[in-house]
Amino acid sequence: MSDEHLSLAKQNAYEFEELSNDPSLSNPIYEDEELVRRAQNDDPWAIEQLVLRYQKKVYAIAYQMLSGDEQEAQDRTQDAFLKAFRKIKQFKGNASFYTWLYRIVVNTCLDARRRRRRWKEIFFPWRIERHTDESATAALEEYPDTNTQSNPLATVRKRQLENDVKQAMNTLSERQRSIFQLKIFHEMSIPEISQMMNLAEGTVKTHLFRATQVIRKNLRRWTDA
């Protein structure tokens, strides 16, 4: 699947939208399976519909996995969709399109995290710990409290808790962190995570249990309060 197909998809989607405004024409909601079949036949409109259907969820996972780096999350979201539609003809339907796409997103983000860390270890080894702290803070600042009537003390405690959660997650391994994020923040099931990360369900459960224990230990002062 080429970049040209993706650009054409957007153009055709606009044309379809204009046609759909005609009351004499129907505008059916297609299932993923039908859209995937059309995308595998290089139908740009079907590609566009799949992007529109899943772009917010894909971005949410990328944003979470990349420590709230908005620009990198946008870039990796685009990368993931490009990879997906370049490989769309390899999709066999053994899992849902949703699971298949999310596996690509997760792997894209994991690769980006590894590249970023390796690059910093080589060129800026003294900045790694500092950057980790700054990333956690930046992620929190993306979601300011817009409620002007809120209790300032409660706001401070909420941000402190969020910061402690971020710091606790930074102590997890790459795999534990990814599984914990997918299960807790994105409410994915064990079988979905298993398919997405190509791991046995028992392995997923083990990593999730260990990650949960670490998080609970690091947040003990909150649970004991």
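Now for a description of the structure that goes with this document. Positions within a chain are numbered from 1, following the residues in the order the chain's sequence is written. Reporting of local features is limited, given that this is a predicted model, to residues whose pLDDT is at least 70; pairs of side-chain atoms are given and counted only at 80 or more, and all residues count toward the totals for whole chains, interfaces and linings. Computation of side-chain values: all heavy atoms of the structure, hydrogens and water removed.

1. Structural notes on the side chain of Ser178
- Secondary structure elements are taken from DSSP: a helix is a run of H or I of four residues or more, a strand is a run of E of two residues or more, and numbering for both begins at the N terminus. Inspection of the secondary structure assignment puts Ser178 in helix H8 (residues 174–185).
- Residue burial is assigned from relative accessible area. The probe radius is 1.4 Å, only protein chains are included, and a residue is buried under 20% of its type maximum, exposed over 50%, and partly exposed in between. With a relative accessible area of 1%, Ser178 lands in the buried category.
- Contacts described as polar in this section are N or O atom pairs within 3.5 Å, which, within protein, must combine one atom able to donate a hydrogen with one able to accept it, while residues neighboring in sequence count only if both atoms come from side chains. For Ser178, the side chain forms a polar contact with the main-chain oxygen of Glu174, separated by 2.9 Å.

2. Overview of the packing of helix H9 (residues 190–197) against helix H10 (residues 201–218)
- Only the contacting stretch of a helix is used when fitting its axis, a line to C-alpha atoms as for every element, and angles between N-to-C directions run 0 to 180 degrees. As a packed pair, H9 and H10 sit with axes 9 Å apart at the nearest point and diverge in direction by 105°. With respect to H10, the axis of H9 lies roughly perpendicular. The segment H9 lies against H10, with Ile190, Pro191, Ile193 and Ser194 engaging Glu201, Val204, Lys205 and Leu208.
- As a working rule, the residues Ala, Val, Leu, Ile, Met, Phe, Trp, Tyr, Cys and Pro are called nonpolar, Asp, Glu, Lys and Arg charged, and the rest polar, with Gly in that last group. Class assignment of the residues belonging to the contact of H9 with H10 gives a composition of five nonpolar, one polar and two charged. Put simply, angles under 35 degrees are roughly parallel, angles over 145 are roughly antiparallel, angles from 65 to 115 are roughly perpendicular, and the rest are oblique. Contacts are assigned to residue pairs that have any heavy atoms within 4.5 Å of one another.

3. Thoughts on the nonpolar core
- Put simply, buried Ala, Val, Leu, Ile, Met, Phe, Trp, Tyr and Cys residues joined by side-chain atoms within 4.5 Å make one nonpolar core. Judged by nonpolar contacts, the single largest core of 51 residues is most densely connected at Tyr54, Phe97, Leu101, Tyr102 and Leu182.
- Looking at this core, the elements that each hand over two or more residues are helix H2 (32–40), helix H3 (44–65), helix H4 (70–86), helix H5 (97–123), helix H7 (152–169), H8, H9 and H10.
- With sequence-adjacent residues up to four places away left out, Leu101 is seen in contact with Tyr54, Val58, Phe81 and Ala84.

Honestly, it's all geometry; don't read function into it.
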